[in-house]
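Descriptive structure summary
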Amino acid sequence: MKSRTKVVVIGGGIAGCTTLYYPTQEGWTDVVLGEWNDLTLSTTWQSAAQVKHFGMNQTMVGQKTYSIQLYKDLAEDPDYPINHHHRDGGIRLANTEAQMQGYRHFASMVRGMDVQFEVIDAEECARRHPLISTENLIGGLWDTMDRDIDPAQLCQALGCRARKAGAEVYRNTPVVGLTQYNDDIWTVQTEHGDIDCDKVVNACGHRVNEVDAMIGVHHPVYHIGYQYFLAEEILAIRDAGHRIPLLRCPISDYYCRQEKNGLLLGFHEQDCKT
Ligand SMILES: Cc1cc2nc3c(=O)[nH]c(=O)nc-3n(C[C@H](O)[C@H](O)[C@H](O)COP(=O)(O)OP(=O)(O)OC[C@H]3O[C@@H](n4cnc5c(N)ncnc54)[C@H](O)[C@@H]3O)c2cc1C
C-alpha cells in the first residue's frame, strides 16, 4: 500500500469507483481507493440499476447522455465487457393532460440537444407493453434509451480502467481516521497503515457521516426505506417474443421492469424525512 499519493477516494460503490476513474482519464495516475469490504458490496450491489435518460433540466439530461455513452463504451470494451445491458426502452405514464403537456414540453426541449423522446397515446403504450391496462391512462413519454445495467460489473469495469491507468484499489481496508494539517495535506488512517495525500474524497454513501465525524463535520443525510419485489415467471412476458419496456409511474411513484421472465417492481417511500 502506498504511503503518499495525490488523491484518496474512500468507498468503492458507484460514486467511489466513478471518482477514481475520472482523474485517471485526465492523466492523474497517482490516485488510490480504500474500501472497507469489496467493491460494490453496499448499496450499489442492491440497486435495480436503471439508467434513465430523463432528467428535470437540460443539464441533467446532458449528464445522462454522457453516462449512457460511457456505459455503452464500457460494455463494448473487449478487456472487461459488461454483458448485462438491456436496451428495452421505457414509458413514463400520464393520467392527466397537464402531465402530457409537461412531456410535450420536455420532448421539445431535449430535441435541441439531439436527444429523442416521443410522446405517445394510451393505445400506443398498450401496443408497446403487453401488460398495460389503458383504464385512466392518457398516454406517456417514450424513452428509447431507458435501460438497466449490472451495477457490480459497472464498478469493476471502472476500477479496471482506472487500475490500468495507474490507480490502486485497496479492498478490505476500512478508513478509521482522518487528519488535515495546516498545509492542507491529509493523513488517511486505515487498518493497514496511513496514507498522506493532497485530496480526500468521501464516497461512503449512507455511511458518509461516519467518516465526516472523524473531522467533526456532519451532513444532513438521512436514510430512506426502499425495496423492490421480484415476481416469478409471467407467461405473457415469456411469450411476448421481445423484452418488455420499463414503466415509470410518477403518480403512484413506482417503476417496473422485466427481470428474467418476470417483473422487478420498486416503490419509493412517501413522506420520508428530507
Ligand atoms: C433497492 C434499491 C434500488 C435502487 N435502484 C436504483 C436505480 O434503479 N437507478 C439508480 O440510479 N439508483 C438506484 N438506487 C440507488 C443507488 O444504488 C445508490 O444511489 C448508489 O448505489 C449509491 O452509491 P454510493 O457509491 O454512493 O454508496 P455505496 O454503494 O453504499 O458505497 C459506499 C461504500 O463506502 C464503503 N465505506 C463506508 N465506510 C467506509 C470506511 N470507513 N472506509 C472504507 N470504506 C467505507 C462501503 O463499504 C461501501 O462500499 C437504488 C438503491 C436501492 C437500495
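The number of helices and strands found in the chain is eight helices and 15 strands. If one aligns the C-alpha atoms of the chain with their principal axes, the spans along those axes are about 65 × 45 × 40 Å. Counting over 274 residues, the chain shows a buried share of 30%. When contacts within the chain are restricted to residue pairs at least 6 apart in sequence, long-range pairs at least 24 apart make up 69% of them.

With that out of the way, let us pick up unusual backbone geometry. Most peptide bonds are trans, and most residues other than glycine sit at a negative phi. Even without being glycine, Asp114 reaches a positive phi, approximately 65°. Relative to the elements of secondary structure, Asp114 occurs in the loop between helix H4 (97–111) and strand S5 (117–121). Backbone geometry places Asp253, a non-glycine residue, at a positive phi of 60°. Position of Asp253 relative to the elements: it lies in the loop between strand S13 (246–249) and strand S14 (254–259).

Now for the packing of helix H1 (residues 14–25) against helix H6 (residues 151–164). Running from amino to carboxyl end, H1 crosses H6 at an angle of 25°, the nearest separation of the two axes being 8 Å. Regarding the angle of H1 to H6, the classification is roughly parallel. Considering how the two elements wind past one another, H1 and H6 form a crossing that is left-handed. Between H1, through Ile14, Cys17, Thr18, Leu20, Tyr21 and Thr24, and H6, the contact on the second element is made entirely by Pro151, Leu154, Cys155, Leu158, Gly159, Arg161 and Ala162. Classifying every residue of the contact of H1 with H6 by side-chain character gives nine nonpolar, three polar and one charged.

Attention shifts here to the sheet that holds strand S1 (residues 4–10). The strand order across the open sheet formed by six strands is S8-S2-S1-S11-S10-S9, and the pairing between neighbours is mixed. Strands at the two margins of the open sheet, each flanked by one partner only, are strand S8 (168–170) and strand S9 (175–180). Averaged over all pairs of adjacent strands, the angle between their axes in this sheet comes to 40°, without regard to strand direction. Its contacts with the sheet place H1 against S1, strand S2 (31–34) and strand S11 (193–202), and it is angled at close to 170° to S2.

What follows is about the site of the ligand. As a structural note, the neighbourhood of the ligand is formed by 32 residues, with Gly11, Gly13, Ser42, Ser47 and Gly205 the closest of them. Tallied by class, the residues present in the shell around the ligand amount to 14 nonpolar, 15 polar and three charged.

Moving on to the nonpolar core. In terms of nonpolar packing, the biggest core is built from 29 residues, with Val8, Val9, Leu20 and Leu158 touching the most fellow members. At the level of secondary structure, the elements contributing two or more residues to this core comprise S1, H1, S2, H6, S9 and S11. In terms of residues, this core owes the most to one element, H6, which gives five residues. Excluding residues within four positions of it along the chain, Leu158 makes contact with Cys17, Thr18, Leu20 and Tyr21.

What follows is about the sheet that holds strand S4 (residues 90–94). Sheets are built from strands that pair by backbone hydrogen bonding, the pairs being arranged parallel or antiparallel. The mixed open sheet is built from seven strands, whose spatial order is S5-S6-S4-S13-S14-S15-S12. Each edge of the sheet is formed by a strand with only one pairing partner; in this case those strands are S5 and strand S12 (226–230). On average, each strand axis in the sheet is inclined to that of its neighbour by 20°, with strand direction left out of account. Relative to strand S15 (residues 262–268), S12 runs antiparallel, the two sharing five bridges. The residue of S15 that forms the bridge with Tyr226 is His268. Packed on one face of the sheet, H4 meets S4, S5 and strand S6 (139–143) and runs near 155° to S5.

Our focus in this paragraph is the domain arrangement of the chain. Looking at the chain, the domain boundaries give domain 1 (4–49 + 151–215) and domain 2 (50–149 + 223–268). For domain 1 and domain 2, the distance between their C-alpha centres works out to 31 Å. Facing the nine residues of domain 1 at the interface are 15 residues of domain 2. A per-class count over the side of domain 1 that touches domain 2 returns six nonpolar, three polar and no charged.

The next point concerns the environment of Asp38. Mapped onto the secondary structure, Asp38 falls in the loop between S2 and helix H2 (43–46). Taking the number of C-beta atoms within 10 Å as the measure of exposure, Asp38 has 14 and is therefore partly exposed. Spatially, the C-alpha atom of Asp38 lies 7.1 Å from that of Gly12, the residues being 26 residues apart in sequence.

With 14 residues, H6 should cover 20 Å at 1.5 Å per step; its first-to-last C-alpha distance of 20 Å lies within 8% of that length. Those residues of H6 lying buried are Pro151, Gln153, Leu154, Cys155, Ala157, Leu158, Gly159, Arg161 and Ala162. Looking at the residues trailing H6, positive phi occurs at Gly166, about 115°.

What counts and how
Residues numbered from 1 in each chain as written. Predicted model: local features only at pLDDT ≥ 70, side-chain atom pairs only at ≥ 80, totals over all residues. Helix = DSSP H or I, 4+ residues; strand = E, 2+ residues; numbered from the N terminus. Buried ≥ 20, exposed ≤ 12 C-beta atoms within 10 Å, placed from the backbone. Contact = placed C-beta atoms within 7 Å. Axes fitted to C-alpha atoms, helices over the stretch in contact; angles between N-to-C directions. Parallel < 35°, antiparallel > 145°, perpendicular 65-115°, else oblique. Left-handed = near helix turned anticlockwise from the far one by under 90°. Nonpolar A, V, L, I, M, F, W, Y, C, P; charged D, E, K, R; others polar. Pairing = 2+ DSSP bridges. Near = placed C-beta within 6 Å. Core = buried A, V, L, I, M, F, W, Y, C linked by C-beta atoms within 7 Å. Domains from an automatic or database assignment. Expected span 1.5 Å × (residues − 1).

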